[in-house]
Amino acid sequence: MGKSSKDKRDAYYRLAKEQGWRARSAFKLLQLDEEFNLFEGVTRVVDLCAAPGSWSQVLSRILIKGERIGRATWEDKRYAELLKIQPQDSAHEQPPRPEPRKDVKIVAIDLQPMSPLEGITCLKADITHPSTIPLLLRALDPSYSAETSSIEASHPVDLVISDGAPDVTGLHDLDIYVQSQLLWAALNLALCVLKLGGRFVAKIFRGKDVDILYAQLKCVFARVEVAKPRSSRASSVEAFIVCTDFRPPEGFKASLDNPLQQIKPTTSSADSEQTRTVRDDGITELHLPQTDPNRWIAPFLACGDLSAFDADASHKLPEGHVSLDPVQPPTAPPYRRALEERKKMGGAYGKTKLGGGGG
Ligand code: SAM
């Protein structure tokens, strides 16, 4: 059972293992970057909920090693053939390699311990806990002090990314609620450390009141978009908010207890009509009549090139296919105790009561 369901997994799952990514989510970040050029001018980054570390791997390779990882770098012609899609022409896609950047600092935070990665400071901490912020600021600058450091020194970060997800229960409303709490914590933390003009990218589950969140984000970021990378399964409610140009209103002070709640979007008379604005990049923003100023629809973008591999498509495996082990097995998985207990009780318990031996 385990084997056959594993063998049905999509091209991104297999590519991740073959190319050494710790998780298939690496492709989500790469495709978001393809669309939004997330790393332009960035040297201080915080990766929240980072374990097992595939997003940190992307950061390390692009920012520290100076690699350019476009679609032609990771796409694999074998899968393109199996999925019957046209692979990207690498000759025209590969731009020149950028130089590694100077003085890059990347901090990765997770509740779980994370195996080390070149150039990344890993912190085992809870992003919902206020003590994590000074810990993070000291990891970026050991001389940081809450009492004596300037406002600029306490807002040194160019980009905060968060792929946070609680253990999914399968109860839709509960999962969406817990995920939204994690998102608030990530946003809260971002507001406390981002410099003016900074960016925030985070996973969201699109629940029924998500437009309230967009409206609030729009009060502190000049641009707010929602994106669905090609590598994120269409069947999942997951998407990513991409917030650019951090511009809090005058006098705004991030509050750990009350993130963004103090900001109330305002209406003007112009808001009572539906209007369209076309941005510099050609994207149209639709402004609905604002009977409720707390609601705003963010532009929604599918990204990662629509002709790229489809995350919902499985394919027949090639002759002689060998399943690979995970690149980075979990260092301290929450299910370890259950496995140990099962072992102590002898395989028979596992096989009869837990239906074990799935592989
Ligand atoms: N972006 C990661 C990658 O590319 O490897 C995958 C992240 S995984 C989907 C979600 C992570 O969120 C888990 O490792 C989990 O431990 C972490 N997480 C959940 N709640 C957290 C919290 N309160 N503080 C820190 N990390 C948390």
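Computed from a predicted structure; not experimentally measured.

So, how was this worked out
Residues numbered from 1 in each chain as written. Predicted model: local features only at pLDDT ≥ 70, side-chain atom pairs only at ≥ 80, totals over all residues. Heavy atoms only, no water. Helix = DSSP H or I, 4+ residues; strand = E, 2+ residues; numbered from the N terminus. Contact = heavy atoms within 4.5 Å. Areas by Shrake-Rupley, 256 points an atom, 1.4 Å probe, with all protein chains shown as cover. UniProt positions renumbered as here; feature names shortened; annotations may be inferred. Buried < 20%, exposed > 50% of the residue type's maximum accessible area, 1.4 Å probe, protein only. Polar contact = N/O pair within 3.5 Å; in protein donor to acceptor, adjacent residues only side chain to side chain. Arc of directions from axis to C-beta. Salt bridge = Lys/Arg side-chain N within 4 Å of Asp/Glu carboxyl O. Pairing = 2+ DSSP bridges. Right-handed = clockwise from strand over helix to strand, strands pointing away. Axes fitted to C-alpha atoms, helices over the stretch in contact; angles between N-to-C directions.

Engineer: Lay out the overall build of the chain in plain terms, naming residues and giving numbers.
Structural biologist: Counting its regular elements, the chain contains 12 helices and 10 strands. Within the chain, contacts between residues separated by at least 24 positions form 70% of all contacts whose residues are at least 6 apart in sequence. Of the accessible surface of the chain, which amounts to about 18900 Å², a share of 53% is contributed by carbon and sulfur atoms.

Engineer: Run through the UniProt feature "binding site: S-adenosyl-L-methionine" (unreviewed entry) in the chain, naming residues and quoting values.
Structural biologist: Mapped onto the present numbering, the UniProt feature "binding site: S-adenosyl-L-methionine" (unreviewed entry) falls on Gly53, Trp55, Asp110, Asp126 and Asp163. Within the secondary structure, Gly53 is located in the loop between strand S1 (44–48) and helix H4 (54–64). Setting aside anything within four residues of it in sequence, one finds Gly53 in contact with Arg22, Met114 and Leu117. The topology assignment puts Asp126 in the loop between strand S3 (120–124) and helix H8 (132–140). For Asp126, a relative accessible area of 30% corresponds to the partly exposed category. Leave out the neighbours within four places in its chain, and Asp126 touches Leu111 and Thr132. Looking at Asp126, its side chain comes within polar contact range of the side chain of Thr128, at 2.7 Å.

Engineer: Outline H8, listing residues and values.
Structural biologist: Residues of H8 that are buried include every one of Thr132, Ile133, Leu136, Leu137 and Leu140, and no others. End-on view of H8: buried residues confined to an arc of 130°, all on one side of the axis. In this fold, the buried residues of H8 make contact with S1, strand S2 (105–110), S3, strand S4 (157–162) and helix H9 (172–193).

Engineer: For the pattern of salt bridges, give the residues involved together with the corresponding values.
Structural biologist: Tallying each qualifying case throughout the model produces 10 salt bridges. With its nearest N and O atoms 3.1 Å apart, the salt bridge here joins Lys28 to Glu238. Here Lys28, found in helix H3 (residues 26–36), pairs with Glu238, found in strand S7 (residues 238–246); they are 210 residues apart in sequence, far enough to count as distant. For the pair Lys28 and Glu238, a shared accessibility class is recorded, and that class is buried.

Engineer: Just give me the short version of the pairing of strand S5 (residues 194–205), but keep the residues and values in it.
Structural biologist: Among the 12 residues that make up S5, 9 are buried, leaving the element largely enclosed by the rest of the structure. Taken together, the 5 bridges between S4 and S5 define a ladder with parallel strand orientation. The partner of Ser162 across the bridge, within S5, is Ala202. One crossover worth recording links S4 to the parallel S5 by way of H9, and it is right-handed. In the sheet, S5 pairs with S7 via 6 bridges, with the strands oriented antiparallel. Directly across from Ala202, in S7, lies its bridge partner Ile241.

Engineer: Give me the lowdown on H4, citing residues and values where you can.
Structural biologist: Among the 11 residues in H4, 9 count as buried, and that is most of the element. Listed in full, the buried residues belonging to H4 are Ser54, Trp55, Ser56, Gln57, Val58, Leu59, Ser60, Ile62 and Leu63. Where H4 is buried, its residues touch H3, S1, S2, S3, S4 and S7.

Engineer: Quick one: what's the story with the sheet that holds S5, residue by residue and with numbers?
Structural biologist: Across the sheet, which stays open at both edges, the 8 strands sit in the order S3-S2-S1-S4-S5-S7-S6-S10 with mixed pairing between neighbours. The sheet terminates laterally at S3 and strand S10 (300–303), the two strands that pair on one side only. Sheet twist, expressed as the average angle between the axes of neighbouring strands with direction ignored, equals 20°. This element, H8, spans S1, S2, S3 and S4 of the sheet and lies at about 150° to S2.

Engineer: Outline the environment of Leu217, supporting the account with residue identities and numerical values.
Structural biologist: You can see Leu217 is positioned in helix H10 (residues 210–218). Distance from Leu217 to Ser231, taken between C-alpha atoms, is 25 Å for residues 14 residues apart in sequence.

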